[in-house]
Structures are given as structure tokens and as C-alpha cells.
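Remarks on the overall topology
Listed below are the residues making up each chain.
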Amino acid sequence: MVKDFLSLADYTGDEILAFLDFADRLKAEVRAGTPHPLLQGKTLALIFEKPSLRTRLTFQIGMFQLGGHTVLIDDILGRRESVPDVARNLERWVDGIMARTYRHAHVVELARCARIPVINALTDLLHPCQILADVQTLREHKGRDLGSLKVAFVGDGNNVFHSWANFAARVPLNLTLVCPPGYEGDAEITERVRREAKGDFVITHDVEAGLRDADAVYTDVWASMGQEEEAETRERAFAPYQVNAALMALAKPGALFMHCLPAHRGLEVTDDVIDGPQSVVFDEAENRLHAQKAVLATLLGGPRN
Ligand code: CP
Ligand code: NVA
């Protein structure tokens, strides 16, 4: 297994499923009140270049529940000192690094330069932790036969979609991106996933066709962190792709509504959908805790380097 958790593309399907099974076990133990101090005395450094609620809290709480603790760095990497120098300092003190950065190259460089595990907690390109929590949620509500399920990702071909695509390249699952022209995601990733996908992998601009037979309808903000100045242009382009009751009605009856959060209510999703009976958004948020603990305990669980 690789040292770092930078991209789901770095893992085999079996390794990804093992993270999910481990997350289910940790969740059951939390519910039962069974302690699991698997990282007693270990420290995780948290680097945040962008804001966060869920990621920051779940990594902090997760390390606490595993018997370890965290130290926080609110800084832009490379501004005060080079990324390799940050890596070479941190590895002397802590057991792992979690980083949320603008540039994906920065988490890759941290991982290359540090002998300790580096976990990608969102970059402009990828958000792999989110997809582990999402799939944990999907399995809880729709069963473990993921190969028979279709997820329709409605909106921007962004970091969250890229990680869904990387998942679909490793584990059988049918994935459709339903997006306006020009927002089909990173061509290098989508072309690779087209070759490697274990189920159907479709990119369409046609809402009706894209939503047909969907077991889960997923959306995310139209303008991601760092794209604020494009917000107005994007609102115009994405308006026909708003997840509202009419759009949900195009999916299978009982299809889940999923969103990584934070949501921009009234833009990519309406209140009635996100607050409605098909919505599992807070299950996804809860599962960030359990899924990331599985990653932490797996990657940081060995003896100190
Ligand atoms: N979904 C997610 O990553 O949330 P935060 O940006 O609040 O961490
Ligand atoms: N695509 C969003 C995800 C937030 C969790 C962003 O990058 O801002």
C-alpha cells in the first residue's frame, strides 16, 4: 500500500473497500461506546489554506477518538518557506500530515519530501476523503452491490467529481456527470477513467438522459473555493442543472440526494430537496469522521519512523 492518501487512483479497489469496511467497524464501535485508541500518542499536523468546517472538525475529533491529537497550521504553503522545507520540519515532530491546499502539486510535493504519510484533505483537483464518506453512506442506504447502482453527479466537473471518477475507475459503480458544456472536468482524469472504469462512465449535457435510472443524485457548489470571481458566469451556465423537485423526479423513485456540503441553497439545490426525505447529506457529513479515521488508523498505525 502507498504511504500517502493523495488520490483514490493510487489505491486498488480492494484497498478502497478495506477502508470502507474499516470505517463501518469504527462507526459501530463509536455507536457502542467501545474505545479504539489505535493512534495513542500520535500527532497529526493539519494544514489549511482554505476554509473548512467538516474536514477540520472530523480530523481533529477523529484523532482524539483514536487516542492521538492534532496541531493546526493556517498558512499558505510556500509563502514563508518552501514546501520541501515545511515537509522536512514536520516529519521530525509529527506522525502524519493532512493538507488542504489550492495547488494539487503542493500535496504531492509534501508527500514526496516527507517520510511520513500525507493525506489530501481537498485540493483544486481532488477530494478523496469526501468520496470515501459518500460511498460509506451510499452502501448504508442502497446496499453493498455498488456495481448495480448509478450515481448521477449533477453540476461542475470539479475536485469532488474527479474523486468520484477515480473511485469508479477502481470499484464497480455506474457514474454519470450531468453538466453544462465546458464543465466536463479535467480531460486527463476523465480520459483515463473512460479507459479504466469498472462500470458505465458517462458525461452528458442532457439532464433527462443523465438522471434516468439514477439511484443517487449528487451535487456540489457551482463555484468552488478559489473560483469566487466566476460565480456569476457559473450561475448562468448551471441554472438548468439546479437539483430541485422536478430534477429529482427524473431519477429513480427513492433516489438519494447527496451533497458534500457546504451547500448554496437556492443555487445548486433547493431547500425542499436538501431538507427532504431523500436527502442523506448529514449522514455523509457524519461519515467523514468514520471514513477518515479508517484512513488515519491504516496509514499512521505502524511504529514511528
Ligand atoms: N465537505 C467538506 O469538505 O466540507 P468542509 O469544506 O467544511 O471541510
Ligand atoms: N468543490 C468544493 C468542495 C467543498 C467541500 C470546493 O472545492 O469548494
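In short, a report on the structure. Since the structure is predicted, the reported quantities are computational estimates derived from the model, not experimental observations. (Residues numbered from 1 in each chain as written. Chains lettered and ligands numbered in written order. Predicted model: local features only at pLDDT ≥ 70, side-chain atom pairs only at ≥ 80, totals over all residues. Heavy atoms only, no water.)

1. Description of the site of ligand 2
Around ligand 2, a shell composed of Leu-122, Asn-158, Asn-159, Asp-220, Val-221, Ser-224, Met-225 and Leu-261 is seen. Within the side chain of Asn-158, a nitrogen or oxygen atom sits 3.4 Å from a nitrogen atom of ligand 2. A distance of 2.8 Å separates an oxygen atom of ligand 2 from a polar atom in the backbone of Met-225. Look at ligand 2: alone it shows 270 Å² of surface, and the protein chains cover 96% of it. Class assignment of the residues belonging to the shell around ligand 2 gives a composition of four nonpolar, three polar and one charged. (Near = heavy atom within 4 Å. Polar contact = N/O pair within 3.5 Å; in protein donor to acceptor, adjacent residues only side chain to side chain. Areas by Shrake-Rupley, 256 points an atom, 1.4 Å probe, with all protein chains shown as cover. Nonpolar A, V, L, I, M, F, W, Y, C, P; charged D, E, K, R; others polar.)

2. Section: a nonpolar patch on the surface
Judged by side-chain polarity, Leu-53, Leu-57 and Ile-61 come together as a nonpolar surface patch covering roughly 250 Å² of accessible area. The topology assignment puts Leu-53 in the loop between β1 (43–48) and α2 (54–65). Among the residues examined, Leu-53 registers a relative accessible area of 52% and is labelled exposed. (Patch = residues over 30% accessible without salt bridge, like charges linked within 9 Å, V, L, I, M, F, W, Y side chains within 5 Å. Salt bridge = Lys/Arg side-chain N within 4 Å of Asp/Glu carboxyl O. Helix = DSSP H or I, 4+ residues; strand = E, 2+ residues; numbered from the N terminus. Buried < 20%, exposed > 50% of the residue type's maximum accessible area, 1.4 Å probe, protein only.)

3. Thoughts on the nonpolar core
Residues Phe-5, Leu-138, Trp-164 and Phe-167 are the most contacted members of the largest nonpolar core, which totals 59 residues. Here this core gets seven residues from one element, more than from any other, and that element is helix α12 (residues 281–300). Aside from chain neighbours lying at most four places away, what touches Phe-167 is Leu-8, Ile-16, Leu-20, Ile-131, Val-135, Leu-146 and Leu-173. Of all hydrophobic cores here, the second largest spans 19 residues; its members include Leu-211, Leu-247, Ala-251 and Val-281. (Core = buried A, V, L, I, M, F, W, Y, C linked by side-chain atoms within 4.5 Å. Contact = heavy atoms within 4.5 Å.)

4. As for the site of ligand 1
Near ligand 1 you find Ser-52, Leu-53, Arg-54, Thr-55, Arg-100, His-127, Gln-130, Cys-260, Leu-261 and Arg-288, and these make up its full shell. In the environment of ligand 1, an oxygen atom lies 2.9 Å from a nitrogen or oxygen atom belonging to the side chain of His-127. Within the backbone of Leu-261, a nitrogen or oxygen atom sits 2.8 Å from a nitrogen atom of ligand 1. Protein contact buries 95% of the 250 Å² of open area that ligand 1 shows by itself. One can see that ligand 1 is located within the largest pocket. Partitioning the shell around ligand 1 into residue classes produces three nonpolar, four polar and three charged. (1 Å grid on protein atoms, 1.4 Å probe; cavity = no way out; pocket = protein on both sides within 12 Å on 5 of 7 lines; lining within 4 Å. Sits in = over half its atoms within 2 Å of the grid points.)

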